[in-house]
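# Per-entry structural report
For reference, the chains in residue letters:
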Amino acid sequence: MKQGKGIPNSKFDRIVGIATTKPVPASLRHKHIYVGEKAGFHSLGHAGCVFSGKGKGIFQPCAITQADISIINDGDILVLDDSGKFDFVWEVDSPHNSFFLTGKCNVSCLMCPQPPRDFDNLAYGEARNILKLLQGHRISDICLTGGEPTLAKDKFIGFLAQCVTQHPESYISVLTNGRTFADMDFVERVAEIATPNVIFCVSLHGDNPRLHDAIVNKAGSFEKTETGIYNLARKGIKIEIRHVVTKLNYKRLPQMARHIYNYMPFCDHYAFMAMELHGNAVKNSDLIMVNPVRYKDRLADAALLLERACLPVSLYNIPLCMADERVRHLARQSISTWKNVFPQECCECSQKSECSGFFATSERIPVEDITPFH
């Protein structure tokens, strides 16, 4: 997530609050983080403060100073900690906000940009606090992610129910590997609260058990994930299939498309995705790294097979110049705004405003394959 950094003025517990540069009523200050040049009576009573100036501040025990406040907008939700960091856990102007529910996962994908962590680190508690701060605000999109967000089944169901109740107008996507949905009892509980605005984005990285299980690094995953997909479908819950393309599976893209067409044509959407070269993907780059230009022909064949069968398909994280011209209309601007970047080579491209660009978090960007449109 997007971050800023400054100098903490004391030791304090993590603080969650809504950023404000303007005065708010004293009764609401406990929900807000004041952002400004320096401390004063105008900053008293807030949950915390972020200042651009120096100094410890007047009666302000929980503050970060000497920070770049130009990156903060009124309405952003920040988490401050006493290391001097402040995380943007909700950006008011971004369509790509998410709730991070856990660092735990029941697989260890070779290309995972955020490797599993064996602890929750108060993630659910902070997520509930953020959701409470958003109450009464109209939100178009909500994403629930992790780790594997469905692992803590009761907590997950409670949080999803809270999202649906407080924000019935929001489109809610849940990023999951689908294994937990092999449990039909759990699926039935989810079905009681999932509205037509809720979609489960299930990762499926191969058309056969050997390939998928090798990529997610967990035996038996293919069977559990496909069982989970069928269980969700039986209950009428919306599903998106997500397939991350790697060196291990790109040669079977057409076979993957045929597998989808033959065995799961009932899903609401299908996405072929390029990798983010971060986390596990860096560690395993020799094994899994492949540039989109290398597989663009096979990707086009796969995507067109689904499109011609009237199945809704998209390409995520693939720059337009690296996609076959036959399927450029399927490419989406899919990278979160805070980590979206365009190298110098893209500056004069006439299609830049329509392109996904690249992950700023990737260790390497294939600039040698960029061919700008003029």
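Residues numbered from 1 in each chain as written. Predicted model: local features only at pLDDT ≥ 70, side-chain atom pairs only at ≥ 80, totals over all residues. Heavy atoms only, no water.

## Describing the sheet that holds strand S15 (residues 313-316)
Pairing is parallel across the open sheet formed by seven strands, whose spatial order is S9-S10-S11-S12-S13-S14-S15. The open sheet terminates on both sides in strands that have one partner only, identified here as strand S9 (98-100) and S15. For this sheet, the mean inter-axis angle between neighbouring strands, taken without regard to orientation, is 20°. In this sheet, strand S11 (residues 171-176) lies alongside strand S10 (residues 141-145) in parallel orientation, the contact comprising four bridges. Bridging from a neighbouring strand, Ile-142 pairs with Ile-172 of S11. Across the sheet, helix H2 (residues 153-166) lies against S9, S10, S11 and strand S12 (198-203), angled at about 175° from S10, the strand it touches most. (Pairing = 2+ DSSP bridges. Helix = DSSP H or I, 4+ residues; strand = E, 2+ residues; numbered from the N terminus. Axes fitted to C-alpha atoms, helices over the stretch in contact; angles between N-to-C directions. Contact = heavy atoms within 4.5 Å.)

## Quick notes on the packing of aromatic side chains
Evaluated as defined, the whole model comprises 11 aromatic pairs. Residues Tyr-34 and Phe-51 carry aromatic rings whose centres are separated by 6.4 Å and whose planes lie at 55° to one another, so their mutual orientation is tilted. Here Phe-51 lies in strand S5 (residues 48-51) and Tyr-34 lies in strand S4 (residues 32-36), a separation of 17 residues in the sequence. For Phe-51, a relative accessible area of 2% puts it in the buried group. On the basis of an interplanar angle of 55° and a centroid distance of 6.4 Å, the ring pair of Phe-156 and Phe-186 is categorised as tilted. Remark: Phe-186 occurs in helix H3 (residues 184-193) and Phe-156 occurs in helix H2; sequence separation between them is 30 residues. (Phe/Tyr/Trp six-rings, centres within 6.5 Å; stacked < 30°, edge-to-face > 60°. Buried < 20%, exposed > 50% of the residue type's maximum accessible area, 1.4 Å probe, protein only.)

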